[in-house]
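What follows is each chain in one-letter form.
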Amino acid sequence: MPTNPDEPYYCSQQINIPPELMDILKQFTKAAIRTQPKDVLAWSAAYFRAMSKGEMPPVTERLEMPVATQKTDSGLTPGLLKTLDKQLGQKKEIKLSDIEQKWKDLSLPKAQFDDLVRVGNFSGKVDWIKFFSLAASALGDNITEAMKVICEILTQDPDGGPARIPLTLFTQIYTYLAKIDGEISQQQTNDVLNHLQYDADAQDGYVMPRNFLANDCPQLS
């Protein structure tokens, strides 16, 4: 019985539970477990906001286990970066404010976002592949590790596959990161790309991590 005599009394037969509610909550719970958001309430609001708009929610494909060689101080992981790419990568240019909102939805550190904006000198509309590439550089100790992560995220190959991407895309990203690095000479960049061209010619225009990790390939950095 209600404690307040003026409060209406409801019996179980009067409460209408939407039939789809259980499935919505089940999928939400699975998404939260996979993504492990630091701010569950803020992430939940972003999740249901995206779902209501028919957009991809801020959810990783699987639960990520810590990797000893992976930088973890930034909070960014390959899975979270892949989620950002799925949310934003359909367009060549994205408003910086839109990237910031998606970054925030994933509970990623604002300081890390600000550092990327400063290093990349981003403002207004941003070339997504440049922001994505610079963010990937936070996941490794050098450009070689960054390019490996980039290949694994952008490839159309299944997980555990060769992680191929077109040489044209590799060239665009590697050239940009080498320029940002500032210590990789144009000659070194050219030597790497000329070497990989031979691999790409034999692989339908694609390159993969094993190509630039090979002993006979010039060092990327």
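Residues numbered from 1 in each chain as written. Predicted model: local features only at pLDDT ≥ 70, side-chain atom pairs only at ≥ 80, totals over all residues. Heavy atoms only, no water.

Colleague: I'd like to hear about helix H3 (residues 78-88), residue by residue, with values.
Modeller: In terms of burial, H3 is a largely internal element, 9 of the 11 residues being buried. Along H3, the residues classified as buried are Gly79, Leu80, Leu81, Lys82, Thr83, Leu84, Asp85, Gln87 and Leu88. (Buried < 20%, exposed > 50% of the residue type's maximum accessible area, 1.4 Å probe, protein only. Helix = DSSP H or I, 4+ residues; strand = E, 2+ residues; numbered from the N terminus.)

Colleague: How would you sum up the packing of aromatic side chains? Please name residues and give values.
Modeller: Scanning the entire structure with this criterion turns up 13 aromatic pairs. Taken together, a centroid distance of 6.1 Å and an interplanar angle of 90 degrees make the contact between Trp103 and Phe131 edge-to-face. Here Trp103, found in helix H4 (residues 96-105), pairs with Phe131, found in helix H6 (residues 128-136); they are 28 residues apart in sequence, far enough to count as distant. The exposure classification of Trp103 matches that of Phe131, with both residues buried. Among the aromatic residues, those joined into a ring-pair cluster are Trp103, Phe113, Phe122, Trp128, Phe131 and Phe132. The residue whose ring lies beneath Arg164 is Tyr206, and the NZ or CZ to ring-centre distance is 5.9 Å. (Phe/Tyr/Trp six-rings, centres within 6.5 Å; stacked < 30°, edge-to-face > 60°. Lys NZ or Arg CZ within 6 Å of the ring centre and 35° of its normal.)

Colleague: Kindly report on the confidence of the model for the chain, identifying the contributing residues and their values.
Modeller: The predicted structure's coordinates, where accompanied by low pLDDT, should not be read in detail. When pLDDT is averaged along the chain, the result is 89; 89% of the residues meet or exceed 70. Helix H1 (residues 21-35) is the least confidently modelled element of the chain, averaging 90 in pLDDT, while strand S3 (residues 165-166) averages 98, the highest of any element. Low pLDDT (under 50) marks residues 67-72, which in the prediction has 10 contacts with non-local residues, meaning those over four places away or in another chain. (pLDDT = per-residue confidence, 0-100. Contact = heavy atoms within 4.5 Å.)

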